[in-house]
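# Examining the three-dimensional arrangement
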Amino acid sequence: MRRYRYRCTVCRTTSPVVLNLADLAAEGNAHRLTLHGGHIPDDEAAGEVDRLGRWYATLPPLTAMHARIADGLSDLRDPKGMGRPFWASGSAALVLGSAAALVLGVLSTAL
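Residues numbered from 1 in each chain as written. Predicted model: local features only at pLDDT ≥ 70, side-chain atom pairs only at ≥ 80, totals over all residues. Heavy atoms only, no water.

The subject of this paragraph is the packing of aromatic side chains. Taken as a whole, this structure holds 0 aromatic pairs when the rule is applied. Its guanidinium or amino end placed over the ring of Tyr56, Arg68 lies 4.0 Å from that ring's centre, counting from NZ or CZ. If you follow Arg77 out to its NZ or CZ, it ends over the ring of Trp87, 5.0 Å from the centre. (Phe/Tyr/Trp six-rings, centres within 6.5 Å; stacked < 30°, edge-to-face > 60°. Lys NZ or Arg CZ within 6 Å of the ring centre and 35° of its normal.)

Attention shifts here to the packing of helix H2 (residues 61-75) against helix H3 (residues 86-110). Interhelical geometry of H2 versus H3 gives an angle of 125° and a closest axis separation of 8 Å. Judged by the inter-axis angle, H2 sits oblique to H3. Considering how the two elements wind past one another, H2 and H3 form a crossing that is right-handed. Note on element contacts: H3 touches H2 through Trp87, Ala88, Ser89, Ser91, Ala92, Ala93, Val95 and Leu96, opposite Leu62, Met65, His66, Ile69, Ala70, Leu73 and Ser74. (Axes fitted to C-alpha atoms, helices over the stretch in contact; angles between N-to-C directions. Helix = DSSP H or I, 4+ residues; strand = E, 2+ residues; numbered from the N terminus. Parallel < 35°, antiparallel > 145°, perpendicular 65-115°, else oblique. Left-handed = near helix turned anticlockwise from the far one by under 90°. Contact = heavy atoms within 4.5 Å.)

Attention now moves to H3. Its 25 residues place the ends of H3 36 Å apart at the C-alpha level, agreeing with the 36 Å of an ideal helix rising 1.5 Å per residue. Regarding H3, the residues found buried are Ala88, Ala92 and Leu96. (Expected span 1.5 Å × (residues − 1). Buried < 20%, exposed > 50% of the residue type's maximum accessible area, 1.4 Å probe, protein only.)

With that settled, the discussion passes to the side chain of Asp71. Examined against the element boundaries, Asp71 turns out to sit in helix H2. From its side chain, Asp71 meets the backbone nitrogen of Arg51 in a polar contact 3.3 Å long. Dropping the residues within four chain positions of it, Asp71 is found in contact with Asp50, Arg51, Tyr56 and Arg84. (Polar contact = N/O pair within 3.5 Å; in protein donor to acceptor, adjacent residues only side chain to side chain.)

If you walk through the whole model with that rule in mind, you get 9 salt bridges. The salt bridge involving Asp50 is made with Arg84; its shortest N-O contact spans 3.3 Å. Separated by 34 residues along the polypeptide, Asp50 in the loop between strand S3 (45-49) and H2 and Arg84 in the loop between H2 and H3 bring together distant segments of the chain. Just as Asp50 is buried, Arg84 falls in that class too. One connected set of salt bridges, linked through shared partners, spans Arg3, Arg51, Asp75 and Asp78. (Salt bridge = Lys/Arg side-chain N within 4 Å of Asp/Glu carboxyl O.)

Here you go:
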């Protein structure tokens, strides 16, 4: 399940987490109409966040991949929740480590 947030850098406020793009657009429009008279603030941001509330776009690639795997595993039990259980984070690290070992093994065999 994807999670989204709207961030206004002028007001320095962030919306609560919403679960679909229509709600994200409604959050942004309501904020702009209420506080900015319909004008779009400079550098406003809207995008997908992980279960810990971090923006995927700001994460380094390996961390973003770990977060996506762990979020997918966490969503198997609690699809609309926030936070990440330790078992999901550990399983994601195990998956990434196994994939790296497999690539290393294939490359060393090929060379």
